[in-house]
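# Results of the structural survey
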Amino acid sequence: MQDLLLLGDEAIAQGAIDAGISGVYAYPGTPSTEITEYIQASKEAEDRGIKSMWSANEKTAMETAIGMSYAGKKSLVCMKHVGLNVAADAFVNSAITGANGGLVVLSADDPSMHSSQNEQDSRFYGKFSMIPVMEPSNQQEAYDMTRYAFELSEKFEIPVLLRITTRLAHSRSGVKRVQPQEQNEMKLPSNLRQFVLLPSIARKQYNALLNKQQAMEEDGITSGFNKYIEGDNKSLGIVACGLAYNYLIENYKDGKLPYPVLKISQYPVPKTMLQKLYDEVEEILILEEGYPIIEELLRGYLNLGKKVSGRMDGTVPRAGELNPNIVAKAVGLEVLDGFEGSSNVKPRPPRLCDGCGHWDAFGALNEALKPYSGGRVLSDIGCYTLSALPPLQSINSCVDMGASITMAIGASEAGLIPAVAAIGDSTFTHSGITGLLDAVNRKANIVVLINDNSTTGMTGGQDSSALGKVEDICRGVGVEEDHIKLIKPLRRNFEENVEIISKELEYEGVSVVIARRECVQTLARRMKLKHANKSATTN
Amino acid sequence: MKKDIILAGVGGQGILTIATIIGTAALSEGLFLKQAEVHGMSQRGGDVQSHMRISSNEIASDLIPEGKVDMIISVEPMESLRYVNMLNRKDGWLITSMNPFDNISDYPELEDILNDIWKLPHYVTIDANKVAKDKGSVKAANIVVLGAASPYLNINYELLENAIKKVFKNKGEDIINLNLLALKAGRDYAEKHT
Ligand SMILES: Cc1ncc(C[n+]2csc(CCOP(=O)(O)OP(=O)(O)O)c2C)c(N)n1
Ligand code: SF4
C-alpha cells in the first residue's frame, strides 16, 4: 500500500531530505512554495540540521546553493518558473562551474497561468544550459527523481534541473519512501579553481560540459525514466512528456495503448529512442505540457519529414495546460459531454481580503492622484496587484518583480510627472532596492509607495526579508530623511494619509511613503499560534 | 470501485477539509487516491475547486476527464453549477449547500440558481447553514454537505466518522462531536429528501 499521502511539492521535499541535502534555498512562488514549507515544518529536517530559511530572491537562493555545492554538500534550490529568469545568470553559469556537492534546481512551471504572468517552459533553460532535466509525471516519480537527480548531479558533477508544473505540484497521491541517505561531509573541490570562471578556465570548463553531453544522453536510456512502450498499431507513434503521459493512459482502458509510445521524463532526449519511434510508425504525435520543444526538434524548421503533429499544427491547443480530453481528441477518441453550462454562473475573481491595509493605502493614493490625469501608477507583483481590479483600479502595470520603481524612473524621465511606484515589502527586498538606488543616483522625480504588510502575502504569508528594515534600507540607499514618510493605512487615517502622499507628489525628487500595517491573514495566523502556545504552557 | 468528485466552493469555505476527510476514509479502506488542490491566487474570495479521485485501481490522471465526474460536492450553490459541464450526464450527482456566498456585484437570484440545479436528474440541495446551526455551529456547514453526499460516496459511513475523529483530533472532543452530528444530520436529510 501507499505510505505517505503527499503533494507533488511535498514528495520532492521528502525526496530531497532522503537524498541527504544539507540545505534548501528558495524564494516563495506559486506553485513551488510548499516544497520549502514542508522542509521547514519537518521534524526530521530539523533533526538533521537542514538549512531552510527563505532567501531574499531566487538569485541569492541559487548562489547560496552553489556555495553549498562548492563546499561539497548537497543542496536544493526551489522557485517558480519566472524565478528562474531572476536566477538565470547564476544558473546558466553553474553549468560551466559544474557542481561539487549535488546541486538540484527545481523550477515549477504554471501552464494556463493559474497564478503567473506567463507560461514559459523551464525545459528550455535546461537545454540552453546543457544540463540534464528531469520531468516527473506523478508524485512517486517526483520523489524518486529528486533522489536520482542528486545522484546524477554528483555523477556528472553538474547541476540538474527538476521541472514540474502546477498540476503535479498541487496534487496529492500516495508515495513510498526509501531509506534516507546521510548528508555529505564538507569537502572542497579537488581543483580549487573549478569555480573561477576566468575566460581561460571557463573555456576548459565549457569543453568539459560539452564532453559530458553524450554520457548525459545515454543516462536517459539506462536510468529507466524514459520508456519505450511497444504498440501493435504503427499508424501512429506518440511521444508523451511528463504529465502528458498520464492523460494519455487515462484514455485507454487498463492503460493499454494501441500505439507505440515514448514516455519522456529525462532530458536530453535520447536520439536513439526517438529514432526508433520515427522509423517504426507512419506519423508522430507529440504531447508536451508546456512549449513544443521536442515537437520543434523533431519536425525541423522546414517540416520535410514524416508528419509530426502537436501544438504547432493545432492538433493540441498552442497555449494552456493539457488535460485528458485534449489528449483524447488529439488521438482521435470520442469524448463525453457533461451538462450544458448555466448562464447563472458569474465569474468570481480573487480580491483583496476584507480589512486588508492595501484597500486603505490605494484608497488614499487614488484620492491624492485625483488632481492629475490617470495612468501614473507603475506597480509590482503581490496581493496589491489586485488593486488593478474594480473598485480600486489604482495601478497601471505589473511586469516582473521590482519593475515598479525602475519603470517609474523611466516614465518620469519621459515626462510623466508625478510618477508613482507601488511595491510590496517582500518585493522591495527581492529586487526593488537596486532600483531605488538608481532613482536616488539619477535624482528621479518619483514617489515610491512601499506597501509594508510585514509578510509575503500573495504566496501565503512567508517571512519577509524586509521585516523591520525598510526605513534603514531607504536611508542607506540615500533617500533623504525628510522624504521617507510612514503612514498607517487605516480608514480613520484617510485624510492624513492623502495629505502626506499629496505633498510627496509635489516634491521634485525621490520620496518614499511606507504604508505599514500587518496583513490581516498573517496577523490572524500569528495570533492563533500565540494562543496555542499560551494554552500549551498553561495546561 | 471508482468515484471521481469535484469539490467546489469559495476560498475559505472549507472544501479542503472535506477533501481531507474523504481522503483519510478512502485510504483506510485501502483505496488509491489522487487529489488536485487549488492554491495561490484563488484563495482570496475567488472560486476554488479540487479534483478528487478515489479508486480500487491505480489512477493515471490528476484531472478528471470532462463528462466523467460522478459527483459535484459544493458548499455554495452558484459554485456547484460552475462545473456541470464536467458532470456525467447519466448518473452524476450534484450535492450542494443552498446558502449563497455573495461577494460579487452581479450575483444571480438564488431562485434562478436552484431552478437550474433542480433540472438535473440527480441532486441534493440542503440548507447547510441552518442544519449546522441547529447542531451547534454554522462552522460545520461544510461537514453537513459532506454528510448529504455520504449516501452516494460508496465509502463505509463508519470510516467517514473515524476520519472526522482523526482530522479534528487536535481540536478537542466538542469540535469532533459537533462535526459527527453535522455529518449525520446531512446524511439523514439526503436520505429523506431524495
Ligand atoms: C520572480 C518571481 N518570484 C516569485 C513570484 C511569486 N510572487 C508573486 S508576488 C510575491 C510576493 C509578494 O509579497 P509582497 O511584495 O510583500 O506583497 P504582498 O503580497 O504581501 O502584498 C511572490 C513571491 C513572482 N511572481 N516572480
Ligand atoms: S493575504 Fe494579506 S496582504 Fe493579501 S489581500 Fe489578504 S490581507 Fe491583504
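Presented here is an overview of the structure given in this document. Values in this document were obtained by computation on a predicted structure and should not be read as measured data.

On to the interface of chain B and chain A. The partner chain A presents 46 residues to the 48 residues of chain B that form the contact. Joining chain B to chain A, the criterion identifies 4 salt bridges. Between A:E250 and B:R53 there is a salt bridge; the shortest N-O distance is 2.8 Å. The tally of links from chain B across to chain A stands at 22 residue pairs in polar contact (both at pLDDT 80 or more). Listing elements by their share of the side of chain B that touches chain A, those giving two or more residues are β2 (32–36), β3 (47–55), α2 (77–81) and α3 (110–118) of chain B. A total of 5 residues in the side of chain B that touches chain A trace back to one element, the largest contributor, which is β2(B). Class assignment for the residues of the side of chain B that touches chain A results in 22 nonpolar, 11 polar and 15 charged. Here 3 bridges tie strand β7 (residues 171–175) of chain A to β2(B), and the two strands are oriented antiparallel to one another.

A separate point is the site of ligand 2. Near ligand 2 you find A:L352, A:C353, A:C356, A:H358, A:C383, A:N453, A:C519, A:V520, A:Q521 and B:R44, and these make up its full shell. Those chains with residues close to ligand 2 are chains A and B. Partitioning the shell around ligand 2 into residue classes produces 6 nonpolar, 3 polar and 1 charged.

We now examine unusual backbone geometry. Outside of glycine, negative phi angles account for most residues, and trans bonds account for most peptide bonds. Residues and elements named next belong to chain A. Cis geometry marks the peptide bond from P390 to P391, where omega comes out at 5 degrees. When you line up the elements, P391 lands in the loop between β14 (377–378) and α15 (403–413). Note that the residue after I417, namely P418, is joined by a cis bond; omega there is 0 degrees. Phi is positive for M130, which is not a glycine, with a value near 60 degrees.

This part covers the nonpolar core. All names here are of chain A. L76, V239 and L248 are the most contacted members of the largest nonpolar core, which has 102 residues in total. Among the elements that take part in this core, helix α7 (residues 139–156) stands out by supplying 8 residues, more than any other. Residue assignment places this core across two domains, with domain 1 (3–222) and domain 2 (227–330) each supplying three or more. Among all residues touching L248, those that are not within four sequence positions of it are I238, A240, L257, V261, L287, V327 and V331. One finds V377, F428, L505 and V510 within the second-largest nonpolar core, a separate group that totals 52 residues.

Another point: helix α5 (residues 81–97) of chain A. All names here are of chain A. Given a rise of 1.5 Å per residue, 17 residues ought to cover 24 Å, and the 22 Å separating the end C-alpha atoms of α5 matches this to within 8%. The sharpest bend along α5 measures roughly 75 degrees and falls at A87. Counting buried positions over the 17 residues of α5 gives 12, a clear majority of the element. Buried-residue contacts for α5 involve α4 (58–70), β3 (74–80), β4 (103–109), α6 (123–129), β6 (160–165) and α9 (199–222). Of the residues trailing α5, G98 is marked for its positive phi of about 80 degrees.

Residue and element names in this part refer to chain A. If you walk across this open sheet you meet the 5 strands as β14-β15-β16-β18-β17, and the pairing is parallel. Both edges of this open sheet fall to β14 and β17 (484–487), since each of them pairs with a single strand only. Pairing geometry for strand β16 (residues 446–452) and strand β18 (residues 510–516), over 7 bridges, is parallel. Within the sheet, the bridge partner assigned to D452 lies in β18 and is R516. Along the sheet, helix α14 (residues 357–368) makes contact with β14, β15 (419–424), β16 and β18, crossing β16 at roughly 160 degrees. Of the strands in this sheet, β15, β16, β17 and β18 are in contact with helix α19 (residues 494–506), which crosses β17 at around 160 degrees.

Rules behind the numbers
Residues numbered from 1 in each chain as written. Chains lettered and ligands numbered in written order. Predicted model: local features only at pLDDT ≥ 70, side-chain atom pairs only at ≥ 80, totals over all residues. Heavy atoms only, no water. Contact = heavy atoms within 4.5 Å. Salt bridge = Lys/Arg side-chain N within 4 Å of Asp/Glu carboxyl O. Polar contact = N/O pair within 3.5 Å; in protein donor to acceptor, adjacent residues only side chain to side chain. Helix = DSSP H or I, 4+ residues; strand = E, 2+ residues; numbered from the N terminus. Nonpolar A, V, L, I, M, F, W, Y, C, P; charged D, E, K, R; others polar. Pairing = 2+ DSSP bridges. Near = heavy atom within 4 Å. Core = buried A, V, L, I, M, F, W, Y, C linked by side-chain atoms within 4.5 Å. Buried < 20%, exposed > 50% of the residue type's maximum accessible area, 1.4 Å probe, protein only. Domains from an automatic or database assignment. Expected span 1.5 Å × (residues − 1). Bend = angle between axes of the 7 residues up to and from the residue. Axes fitted to C-alpha atoms, helices over the stretch in contact; angles between N-to-C directions.

That is the geometry; function is a separate question.
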